[in-house]
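# Fold and geometry: a report
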Amino acid sequence: MTRIDRPVRPRRIRFGLRSSRTVAIGSALVIALTACSGDGSAPQSGAAGKRKAAKAPVWRTNPRSIAALGDSITVGFDACTVLSDCPQVSWATGTDPKVDSLARRLVKRPATHSWNLARTGALMRDLPDQITAAADRKPELVTVLIGANDACRRDVRSMTPAGAFRADFARSMKYLRRKLPHTQVYVAAVPDLLRLWSEGRKNPLGKQVWKLGICGSMLRDPDDLTKVAHDRRAEVRDRVVAYNTALAEVCGTDPLCRFDKSVFDYRFTGRQLSTWDWFHPGTGGQKELAELAFRAVTRPGRSS
């Protein structure tokens, strides 16, 4: 008889418990590796990790050049003579040893490596023009003290809205960072205008000067203690607080920016005010601002 070979049956591959375990183990391994690194790559260690950490910006406490931006406070308006700028006593770049400005304390050659670009009457919306001027000089530190004029208007309705103030500052910082990517920024808080009213009103001559129209939103009718007047002043102070919140939060997103709230918190007295208008800082006030700024700029550690 002829032998008939049986057909060879193909071997069946069994998909059971063992195969499922293999898939599960593989999936767990992929998940574990992914969890170690946000982009799926292996975590860095040793020298590579140290190099990556070293790239984080570090605040330098000894800048070699300073550009000062802001308003009449920074140019020393009414600090020396009536209705005049007096930049030599500026807290930021002044040359007067009685003030001992930030530039005198930090910069080896302040005469050639510090620039006062602030302008009397400047509002927050004017800051980009000053940044443009600063960019040409490429300073290692920029100081910003601006915002009092946004609150000091003829009445509360004329004050810069808090949202517009924030937006203007955010645009300014974005512009500054584009022009000066490695420059450090010191941002001083807007001073407490309510304290200015409470201290300045103690001087009879000061109150007469205020009648000329200085900061009407806060200083109009300084002896009016009615609820209406109280509410008006409170609204101005609340706006200043909102400005400072915006300054702090926008500055906080930039690793090379420091916001200094101490300028708002400082308990100044009439001795620090100009004897010409009892509104702007006099020489004594400029000296205190320089001291506050120096403490903030030279504080070790990161910007915040």
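Residues numbered from 1 in each chain as written. Predicted model: local features only at pLDDT ≥ 70, side-chain atom pairs only at ≥ 80, totals over all residues. Heavy atoms only, no water.

### A closer look at the overall build of the protein
Secondary structure assignment for the protein yields 13 helices and 5 strands. Out of the 304 residues in the protein, the part that is buried amounts to 44%. Long-range pairs, those at least 24 residues apart, make up 74% of the contacts in the protein between residues at least 6 apart in sequence. By element, 56% of the accessible surface of the protein is carried by carbon and sulfur atoms, the whole surface being about 17400 Å². (Helix = DSSP H or I, 4+ residues; strand = E, 2+ residues; numbered from the N terminus. Buried < 20%, exposed > 50% of the residue type's maximum accessible area, 1.4 Å probe, protein only. Contact = heavy atoms within 4.5 Å. Areas by Shrake-Rupley, 256 points an atom, 1.4 Å probe, with all protein chains shown as cover.)

### Concerning the state of the cysteines
Scanning the entire structure with this criterion turns up 3 disulfides. The disulfide partner of Cys80 is Cys86, and the gap between their sulfur atoms is 1.8 Å. Around the S-S axis, the bridge from Cys80 to Cys86 shows a dihedral of about -65° and counts as left-handed. Between the sulfur of Cys152 and that of Cys215 lies a disulfide, 2.0 Å long from S to S. Looking along the S-S bond of the Cys152-Cys215 disulfide, the torsion reads about -75°, which is the left-handed sense. Placement of Cys152 in the loop between α6 (148–151) and α7 (162–179) and of Cys215 in the loop between α9 (204–210) and α10 (216–219) is noted, with a sequence separation of 63 residues between them. Residues Cys152 and Cys215 agree in their burial class; the two are buried. Numbered by order of appearance in the sequence, the disulfide-linked cysteines of the protein pair as 1-2, 3-4, 5-6. (Disulfide = S-S within 2.5 Å.)

### Points about the sheet that holds strand β2 (residues 114–116)
Read across the sheet, 5 strands follow the order β2-β1-β3-β4-β5 without closing on themselves; strand pairing throughout is parallel. Each of the sheet's edge strands pairs with one partner strand only, and the pair in question is β2 and β5 (257–260). The mean inter-strand angle of the sheet, taken between neighbouring strand axes irrespective of direction, is 15°. Here 4 bridges tie strand β4 (residues 184–188) to β5, and the two strands are oriented parallel to one another. Within β5, the position partnered with Val185 by the bridge is Cys257. In the packing of helix α5 (residues 127–135) onto the sheet, contacts are made with β1 (66–70) and β3 (141–145), and the angle to β1 comes to roughly 165°. (Pairing = 2+ DSSP bridges. Axes fitted to C-alpha atoms, helices over the stretch in contact; angles between N-to-C directions.)

### A word on the nonpolar core
Trp91, Tyr186 and Leu193 are the most contacted members of the largest nonpolar core, which has 73 residues in total. If we ignore the near neighbours within four places in the chain, the residues touching Trp91 are Ile73, Thr74, Val99, Ser101, Leu102, Thr143, Leu145, Tyr186, Gln286, Leu289, Ala290 and Ala293. (Core = buried A, V, L, I, M, F, W, Y, C linked by side-chain atoms within 4.5 Å.)

### Concerning empty space enclosed by the protein
For the coordinates displayed, the defined rule picks out 1 cavity of 30 Å³ or more. Size it by volume and the largest cavity reaches roughly 280 Å³. Elements supplying a minimum of two residues to the lining of the largest cavity: α6, α8 (193–200) and α13 (283–297). Per-element accounting of the lining of the largest cavity gives the leading share, 4 residues, to α13. (1 Å grid on protein atoms, 1.4 Å probe; cavity = no way out; pocket = protein on both sides within 12 Å on 5 of 7 lines; lining within 4 Å. Points joined across faces, edges and corners; volume = space filled by probe spheres on them.)

### Let's talk about the layout of surface pockets
What the largest pocket holds in volume is close to 250 Å³. In terms of lining, the largest pocket is formed by 16 residues, of which the most central are Phe77, Asp78, Ile214, Asp277 and His280. Classifying every residue of the lining of the largest pocket gives 8 nonpolar, 5 polar and 3 charged. (Nonpolar A, V, L, I, M, F, W, Y, C, P; charged D, E, K, R; others polar.)

### Thoughts on α5
Looking at α5, one finds that the buried residues are Leu127, Gln130, Ile131, Ala134 and Ala135. The buried residues of α5 occupy an angular sector of 140° when the element is viewed end-on, so they sit on one face. Those residues of α5 that are buried are in contact with β1, β3 and α7. (Arc of directions from axis to C-beta.)

### Brief notes about α8
Within α8, 6 of the 8 residues are buried, leaving the element largely enclosed by the surrounding structure. Residues Leu193, Arg195, Leu196, Trp197, Glu199 and Gly200 constitute the buried set of α8. Those residues of α8 that are buried lie in contact with α6, α9, α10 and α11 (227–252). Measuring from the backbone nitrogen of Leu194 back to the side-chain oxygen at the start of α8 gives 3.1 Å, which picks out Asp192 as the cap. (Polar contact = N/O pair within 3.5 Å; in protein donor to acceptor, adjacent residues only side chain to side chain.)

### Considerations on the side chain of Asn149
With respect to the element layout, Asn149 can be found in helix α6. Residue Asn149 is classed as buried on the basis of its relative accessible area, which comes to 15%. In this view, Asn149 contacts Asp71, Gly121, Ala122 and Leu123; residues no more than four positions away in its chain are not counted.

### As for the pattern of salt bridges
Enumeration according to the criterion identifies 18 salt bridges in this entry. Between Asp100 and Arg105 there is a salt bridge, with its nearest N and O atoms 3.6 Å apart. Taking relative accessible area as the criterion, Asp100 reaches 27% and is therefore assigned partly exposed. For Arg105, the salt bridge goes to Glu291, with nearest N and O atoms at 2.7 Å. On the criterion of sequence distance, the pair formed by Arg105 in helix α3 (residues 102–106) and Glu291 in helix α13 is long-range, its members being 186 residues apart. Here the salt bridges share partners, and the residues they tie into one network are Asp100, Arg104, Arg105, Glu291 and Arg295. (Salt bridge = Lys/Arg side-chain N within 4 Å of Asp/Glu carboxyl O.)

Interpretation in functional terms is not warranted from these geometric data alone.
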